[in-house]
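Each chain, written out:
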Amino acid sequence: TGTAQARVANTIAQSLDQMSRFAFQQYETQAKIEGAEFGAANAPSIVDLIKAEDAEARKALIPGSIETVRGRSERQAALNTVAANLEIAARDAIKQIAVEGHVNFTNVVDLQKQIDGVINGFSGAMTDVDPATGAKLRLGLSTIGNTAYTTHVKMMATKAEEQADYLAKKGADQIVT
């Protein structure tokens, strides 16, 4: 009968739909995996970003696109890799500034300018490529920079107190003698 045939056709259509959805999900999963692997492996180096002439040139270095699942996955993995590499390099630079600042008793204003230069330089390069990732990097680097700055301010305050105590004792000794 017609009703039975319609039910059979409906069942077949539903089964085909389920198979298609499953196949597309498998394809999407595979595309994401392949894209992530490719993007991470082909992310530009920090040197490549620095050598790029402008923001457009830096953007062009990032593999992937926004049009396909694989392309988006490539792009995100590359952005994550670049951001991680920039953060590591910026951490090292801030640590070096802090160490030199402690050794040389750098003025806190000058130290803050140096740290801000690192934060702005590294996060600015990332912002040129992807503003959201750049903002996230800036936030993380600002926390690191603030910690280095605060540690230096405390060290300088301690040094100033020690110097004031020394001068007070020296002055008291001169009055007594």
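Here is what the cut-offs are and how they apply
Residues numbered from 1 in each chain as written. Predicted model: local features only at pLDDT ≥ 70, side-chain atom pairs only at ≥ 80, totals over all residues. Heavy atoms only, no water. Helix = DSSP H or I, 4+ residues; strand = E, 2+ residues; numbered from the N terminus. Rg over C-alpha atoms; globule rule 2.2 N^0.38 Å. Buried < 20%, exposed > 50% of the residue type's maximum accessible area, 1.4 Å probe, protein only. Lys, Arg positive; Asp, Glu negative; His and termini not counted. Charge placed at Lys NZ, Arg CZ, Asp CG, Glu CD. Patch = residues over 30% accessible without salt bridge, like charges linked within 9 Å, V, L, I, M, F, W, Y side chains within 5 Å. Areas by Shrake-Rupley, 256 points an atom, 1.4 Å probe, with all protein chains shown as cover. Salt bridge = Lys/Arg side-chain N within 4 Å of Asp/Glu carboxyl O. Core = buried A, V, L, I, M, F, W, Y, C linked by side-chain atoms within 4.5 Å. Contact = heavy atoms within 4.5 Å. Expected span 1.5 Å × (residues − 1). Polar contact = N/O pair within 3.5 Å; in protein donor to acceptor, adjacent residues only side chain to side chain.

Topic: the overall build of the protein
If you tally the helices and strands in the protein, you get six helices and zero strands. Taken from N to C terminus, the helices and strands of the protein fall in the order α-α-α-α-α-α. Taking 16 Å as the expected radius of gyration for a compact globule of 177 residues, we find that the protein reaches 29 Å, considerably beyond that expectation. Here the protein, with 177 residues, has 24% of them falling under the buried criterion. On the protein, the mean spot of the 18 positive side-chain charges and the mean spot of the 21 negative ones are 4 Å from each other.

Thoughts on a nonpolar patch on the surface
On the surface, a nonpolar cluster with roughly 390 Å² of combined accessible area is contributed by Val 8, Ile 12, Leu 16 and Met 19. By secondary structure assignment, the location of Ile 12 is in helix α1 (residues 2–41). Look at Ile 12 and you get partly exposed, because its relative accessible area is 48%.

Things to note about the nonpolar core
Counting residues in each nonpolar core, the largest one holds 22 residues, and the members touching the most others are Val 82, Ile 94, Ile 115 and Met 126. Beyond its immediate sequence surroundings of up to four residues, Val 82 is in contact with Ala 43, Pro 44, Leu 49, Ile 62 and Met 126.

Brief notes about helix α5 (residues 108–129)
Taking 1.5 Å of rise per residue, 22 residues should cover 32 Å, and α5 covers 32 Å from first to last C-alpha, within 8% of that figure. For α5, the set of buried residues is Leu 111, Ile 115, Val 118, Ile 119, Ser 123, Gly 124, Ala 125, Met 126 and Val 129. With a side-chain oxygen lying 2.6 Å from the backbone nitrogen of Val 109, the N-terminal cap of α5 falls on Asn 107.

Examining the pattern of salt bridges
Evaluation of the coordinates by the stated rule reveals seven salt bridges. Among the ionic pairs, Glu 74 bridges to Arg 70, the shortest N-O distance being 2.7 Å. Of this pair, Glu 74 and Arg 70 are both found in helix α4 (residues 69–104), four residues apart, which corresponds to roughly one turn of the helix. Given the relative accessible area of 30%, Arg 70 is considered partly exposed.

Some thoughts on unusual backbone geometry
Phi is positive for Phe 105, close to 50 degrees, though the residue is something other than glycine. Within the element layout of this structure, Phe 105 appears in the loop between α4 and α5. For Phe 105, a relative accessible area of 40% puts it in the partly exposed group.

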